[in-house]
Amino acid sequence: MPNILEIRDLVVSYGGIEAVKGVSLDVPEGKIVTLIGANGAGKSTTLKSIAGLVRPKTASIRFEGEELTGKPSDYIVSRGITLVPEGRRVFANLTVLENLKIGAYLRKENLTKDIDYVYGLFPRLKERAWQLAGTLSGGEQQMLAVGRALMARPRLIMMDEPSLGLAPLVVKDIFSIIRTINEQGITVLLIEQNANMALRTADIGYVMETGRITLQGTGMELYENETIKEAYLGKKKQA
């Protein structure tokens, strides 16, 4: 399977502090790839660099063979990469439908099929189409954030902590939707504090610590790794 995204030697600094220290990773087309690690490890900065929201100090970020480093974020969206940000970031004073339309702001064609597609994934959004986004529950806002990202018809969707602050049953729904999106041909790059769900869902996993990739493997290889179990899954090593 060819890589849809290739990152080489990504370095990002905030002032004099290096938040990302030479990260390299591959995202094969059609797969779910997860990046796990503690808060402050540099995971979100990595996604923001890919999305063009943060300018790296040095890097090669190639999407479908094209170098994207230094390109503006709207161009990156037009190429087929979208980001579901941490904290959802919906437009609270706009309706659900208006939020979805904003996700397709670069497109000029009729959006009816795309809106129907999102409503098919998230029937609750259809029920609340004319409701202000700020009045939705946390789970519904997360669904809206994902739906808004899908309106751009991405080939790669990046998700930053999609389960953060959600009830366990809602978390299961969100991960079910992630699998469904992937099964429909969209590659997924996922940052997730819930390492248990992330590793069981992902085809490939990377562990990031203090700005560096320290371990990689299939999702199940990392899930079964004793060090990962103790550090991220809350399980003691076997004596």
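Treat the numbers as computed from the prediction; the structure is a model and nothing was measured.

Trainee: Looking at this structure, how should I read helix 3 (residues 96–103)?
Mentor: Helical geometry note: an α-helix holds 3.6 residues per turn, so side chains three or four residues apart project in the same direction. Taken as a whole, helix 3 has its buried residues at Val96, Leu97, Asn99, Leu100 and Gly103. What you see down the axis of helix 3 is that its buried residues fit within an arc of 160°, all on one side. On its buried side, helix 3 packs onto helix 4 (112–121), helix 5 (123–127) and helix 6 (138–150).

Trainee: Hey, could you run me through unusual backbone geometry in this one?
Mentor: In most cases, non-glycine residues show a negative phi, while peptide bonds are predominantly trans. For Glu64, which is not a glycine, the phi torsion comes out positive at approximately 50°. Checked against the element boundaries, Glu64 lands in the loop between strand 4 (58–63) and strand 5 (66–67). In this model, Arg153 sits at a positive phi of 55°, which is unusual for a non-glycine residue. Note that Arg153 resides in the loop between helix 6 and strand 7 (156–160). A relative accessible area of 45% means that Arg153 is categorised as partly exposed.

Trainee: Teacher, can you tell me more about the pairing of strand 10 (residues 212–218) here?
Mentor: For a regular strand, the rule is simple: side chains alternate between the two faces of the sheet. The pairing of strand 9 (residues 204–209) with strand 10 spans 6 bridges and is antiparallel. Across the sheet, the residue bridging to Gly205 is Gly217, located in strand 10. Remark: 2 residues form the turn of the hairpin made by strand 9 and strand 10, two consecutive strands paired antiparallel; Thr210 in that turn has positive phi of roughly 45°.

Trainee: Where do I start with the environment of Ala129 in this structure?
Mentor: Positionally, Ala129 belongs in the loop between helix 5 and helix 6. On the basis of relative accessibility, which here comes to 7%, the residue Ala129 falls in the buried class. With 34 residues separating them in the primary sequence, Ala129 and Thr95 have C-alpha atoms 6.6 Å apart. Apart from the residues lying within four places of it in its own chain, the contact partners of Ala129 are Thr95, Val96, Leu97 and Tyr119.

Trainee: Would you explain the nonpolar core in this entry?
Mentor: With 48 residues, the main nonpolar core has Ile157 and Ile181 as its most contacted residues. Grouped together as the second largest cluster of nonpolar side chains are 28 residues, Ile4, Ala19, Val23 and Leu68 included.

Trainee: How do you make sense of the pattern of salt bridges when you look at a structure like this?
Mentor: Two side chains of opposite charge can pair, provided their charged atoms sit close to one another. Applying the stated criterion across every chain yields a total of 12 salt bridges. Notably, a salt bridge pairs Arg79 with Glu64, separated by 3.7 Å at the nearest N-O pair. Of this pair, Arg79 sits in helix 2 (residues 73–79) while Glu64 sits in the loop between strand 4 and strand 5, placing them 15 residues apart in sequence. By relative accessible area, which is 37% here, Glu64 ends up partly exposed. One salt bridge in this structure joins Glu66 and Arg79, with 2.4 Å as the shortest N-O distance. Highlighted residues: Glu66 in strand 5 and Arg79 in helix 2, separated in sequence by 13 residues. Since its relative accessible area comes to 17%, Arg79 is described here as buried. Here the residues in one salt-bridge network are Glu64, Glu66, Lys71, Arg79 and Arg155, joined through shared partners.

Trainee: What should I look at first to understand the sheet that holds strand 5 in this one?
Mentor: Whenever strands of a sheet pair, they do so through backbone hydrogen bonds, lying parallel or antiparallel. The strand order across the open sheet built from 4 strands is 2-1-4-5, with neighbouring strands paired in antiparallel fashion. Sheet topology places strand 2 (17–28) and strand 5 at the edges, where each strand pairs with a single neighbour. Relative to strand 4, strand 1 (residues 3–14) runs antiparallel, the two sharing 5 bridges. Counterpart to Val11 in the pairing with strand 4 is Thr58.

Trainee: What exactly am I supposed to notice about the sheet that holds strand 10 here?
Mentor: The 6 strands lie next to each other as 6-7-8-3-9-10, forming an open sheet whose pairing is mixed. Each having just a single partner strand, strand 6 (81–84) and strand 10 make up the two edges of the open sheet. Averaged over all pairs of adjacent strands, the angle between their axes in this sheet comes to 15°, without regard to strand direction. Along the sheet, helix 6 makes contact with strand 6 and strand 7, crossing strand 6 at roughly 170°.

Parameters at a glance
- Residues numbered from 1 in each chain as written.
- Predicted model: local features only at pLDDT ≥ 70, side-chain atom pairs only at ≥ 80, totals over all residues.
- Heavy atoms only, no water.
- Buried < 20%, exposed > 50% of the residue type's maximum accessible area, 1.4 Å probe, protein only.
- Helix = DSSP H or I, 4+ residues; strand = E, 2+ residues; numbered from the N terminus.
- Arc of directions from axis to C-beta.
- Contact = heavy atoms within 4.5 Å.
- Pairing = 2+ DSSP bridges.
- Core = buried A, V, L, I, M, F, W, Y, C linked by side-chain atoms within 4.5 Å.
- Salt bridge = Lys/Arg side-chain N within 4 Å of Asp/Glu carboxyl O.
- Axes fitted to C-alpha atoms, helices over the stretch in contact; angles between N-to-C directions.

Geometric descriptors of this kind do not, in isolation, establish any biological role.
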